[in-house]
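Read off the chains here:
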Amino acid sequence: MLGEWLDWTLDEQRDTPRQGTFASGRFDISAPGVMRLTPHRQRPDAHACIFSAAIHGNETAPVELLGAWLSELEAGTLTLGAPVLVILGNIPALKAQQRFIHTNLNRLFERGLSASGDEPDRARQLMAEVDDFFSDNAALPKLHYDLHTAIRASLYPRFVVEPYGDSDTHSEQWQWLAAADMQAVLHQHQHIWTFSHYSKHYHGAQSFTFELGRVAPFGQNDMASLTPMQALLGRLSEGTTPAESDIEAVTFFRVRHELMRHGDHFTLCFDDDTPNFTHFAPGTCLANDSQTGEYRVGDTPLHVVFPNANVEIGARAALLVVPCAPPTNA
Ligand SMILES: O=C(O)CCC(=O)N[C@@H](CCC(=O)O)C(=O)O
Ligand SMILES: [Zn+2]
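Conventions we followed
- Chains are numbered independently. Their residues run from 1 in the order of the written sequence.
- Lettering of chains starts at A and numbering of ligands starts at 1, both following the order in which they are written.
- Totals for whole chains, interfaces and linings use every residue, but because this is a predicted model, local features are given only for residues with pLDDT of at least 70 and side-chain atom pairs only at 80 or more, for both listing and counting.
- Note: side-chain values were computed over all heavy atoms of the structure, leaving out hydrogens and water.
- UniProt positions are given in the numbering used here, feature names are shortened, and annotations may be inferred rather than shown by experiment.
- Here, a salt bridge means any side-chain nitrogen of Lys or Arg that lies within 4 Å of a carboxyl oxygen of Asp or Glu.
- Put simply, DSSP marks the helices as runs of H or I at least four residues long and the strands as runs of E at least two long, and each gets a number from the N terminus on.
- Working definition: with a 1.4 Å probe on protein chains only, accessible area under 20% of the residue-type maximum means buried, over 50% means exposed, and in between means partly exposed.
- A molecule or strand has a residue near it when one of that residue's heavy atoms lies within 4 Å.
- Any pair of nitrogen or oxygen atoms within 3.5 Å is treated as a polar contact; in protein, a donor-acceptor pairing is required on top of that, and neighbouring residues in sequence qualify only through side-chain atoms on both sides.
- For the area figures, the Shrake-Rupley method with a 1.4 Å probe applies, and any residue is considered shielded solely by the protein chains shown.
- Using only the protein atoms, space was sampled on a 1 Å grid; points where a 1.4 Å probe fits but cannot get out form cavities, open sets with protein on both sides within 12 Å along at least five of seven lines form pockets, and lining residues are those with an atom within 4 Å of a point.
- Cavity and pocket membership follows a simple rule, namely that a molecule belongs there if more than half of its atoms are within 2 Å of the grid points.
- The classification used treats Ala, Val, Leu, Ile, Met, Phe, Trp, Tyr, Cys and Pro as nonpolar, Asp, Glu, Lys and Arg as charged, and all other residues, Gly among them, as polar.
- For Na, K and Ca the donor cut-off is 3.2 Å, and for all other metals it is 2.8 Å, counting N, O and S atoms only; because water is absent from this set, sites may look incomplete.
- Residues enter a nonpolar core if they are buried and are Ala, Val, Leu, Ile, Met, Phe, Trp, Tyr or Cys, with the set joined through side-chain atoms within 4.5 Å.
- Contacts are assigned to residue pairs that have any heavy atoms within 4.5 Å of one another.
- We treat two strands as partners when DSSP finds at least two bridges between them.
- To obtain an axis, a line is fitted to C-alpha atoms, over the contacting stretch when the element is a helix, and the angle between two such axes runs from 0 to 180 degrees between their N-to-C directions.
- What a helix is expected to span follows from its residue count: subtract one and scale by 1.5 Å.

As recorded by an unreviewed UniProt entry, the protein chain carries the name Succinylglutamate desuccinylase and is attributed to Vreelandella janggokensis. The UniProt entry for the protein chain carries the following comment under Pathway (unreviewed entry): "Amino-acid degradation; L-arginine degradation via AST pathway; L-glutamate and succinate from L-arginine: step 5/5."

Rendered as structure tokens:
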């Protein structure tokens, strides 16, 4: 199953079986990098689960993690008890080991998207796959974990971004994230058309973007730190209740401001290797933009997440965030 999926994903021309069975279920590969797993016996607590990776092509740890989890299913050490849609997002970028080829796929998941090109076409295909999967499993609670790694080091190496949306995140999610050793949660403050946001906004799914360490080539990822995360994927795919931990060890943040690049010339006022969540005091200069001038921290200290001066004009150059209390349902 794993072999067939990766073969067809990485080499579309190969004559690979597109469906088959394994000890506890069936697999159906509907497109390169898109595979449905259907259990022979669905457990009563099952969620309809989507696990996605490689929405950014150079983020390899999540691909290794999904490979390790699929190997457990294939070996029969894990029993499938929930339907799962597994996705590798940007295949040309994965082959090239680049974040994207033409544009950032993780800003294109919006219905009615009119842009043309390979990444917009892939976004439309993946949105349709998500719609079909959730509609075919309409009786089940919906869940989507979109797995990434961050460009820079981080004061919290493993954290999740909670997309903005009308639907609430259930209290159990916070405990599952804590048990999976996620160290921080960042609540988004507005709609950003990411893949995890798509499932939350249009389907009301329990959905997060996971940042599982730092970008590294295949084979050089710290997979030991992701053992608790693999256990979470394992429990969800078994349709059993994941381990819970109390959330004391998790730090919560909220986005205060999205720093955008507007001008041809854009620089950040701090070192390139500044880790995510670094704190900046009031008055500190954070960015210089040829279009909008200097950006300085106001009266409230800010922490910087995902700083990147080399984004396209009009794209996000950093999230400026503040600590906040845990959700009242946590
Ligand atoms: O490390 C970075 O600078 C970028 C990491 C990354 O790709 N983050 C995601 C976050 C998506 C979200 O806000 O949910 C992204 O920018 O797409
Ligand atoms: Zn990413």
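Enumeration according to the criterion identifies ten salt bridges in this entry. One salt bridge in this structure joins K200 and E162, with 3.4 Å as the shortest N-O distance. Of this pair, K200 sits in helix α6 (residues 195-203) while E162 sits in strand β7 (residues 158-162); the two residues are 38 residues apart in sequence, bridging distant segments of the chain. Taken as a pair, K200 and E162 share a single burial class, namely buried. In this structure, E294 and R296 form a salt bridge, with 2.8 Å as the shortest nitrogen-oxygen distance.

Before going further, it helps to examine the site of ligand 1. Lining the immediate environment of ligand 1, one finds 14 residues, of which N106, R107, I151, T209 and R316 sit closest. At a separation of 3.0 Å, an oxygen atom of ligand 1 approaches a polar side-chain atom of R99. Note that an oxygen atom of ligand 1 is positioned 2.8 Å from one of the side-chain N or O atoms of N106. Contact with the protein chains hides 97% of the accessible area of ligand 1, taken as 430 Å² for the molecule alone. When atom positions are compared with the pocket grids, ligand 1 is found to occupy the largest pocket. Residue classes in the shell around ligand 1 are distributed as four nonpolar, five polar and five charged.

Donor atoms from the polypeptide that coordinate the zinc ion (ligand 2) comprise H56 (ND1), E59 (OE), E59 (OE) and H148 (ND1), at 2.1 to 2.3 Å from the metal. The exposure class assigned to E59 is buried, which follows from its relative accessible area of 2%.

To continue, consider the nonpolar core. Within the largest apolar cluster, 48 residues are counted, with the highest numbers of intra-cluster contacts made by L37, F51, W69, Y145, F210 and M229. Sorting elements by how many residues they give to this core places helix α2 (residues 61-75) first, with seven residues. Excluding residues within four positions of it along the chain, F51 makes contact with L66, W69, V84, L85, V86, I87, L143, Y145, L233 and L236. With 22 residues, the next largest nonpolar core counts I55, A82, F195 and A205 among its residues.

The strand order β11-β13-β14 describes an open sheet built from three strands, whose pairing is antiparallel. In this open sheet, the two edge strands, each paired with only one partner strand, are β11 (266-268) and β14 (293-296). Pairwise comparison of adjacent strand axes, ignoring direction, gives a mean angle of 15° for this sheet. One ladder, built from four bridges, connects strand β13 (residues 285-289) with β14; its direction is antiparallel. The partner of A287 across the bridge, within β14, is Y295.

A few words now on α2. Its 15 residues give α2 an end-to-end C-alpha distance of 21 Å, which sits within 8% of 21 Å, the value for a rise of 1.5 Å per residue. Buried within α2 we find A61, P62, V63, L65, L66, G67, W69, L70 and L73. Following α2 by one or two positions, G76 adopts a phi angle in the positive range, close to 85°.

Here the UniProt feature "domain: Succinylglutamate desuccinylase/Aspartoacylase catalytic" (unreviewed entry) sits at residues 50-229. Across residues 50-229, helical content stands at 34% and strand content at 20%; the span's end C-alpha atoms are separated by 15 Å.

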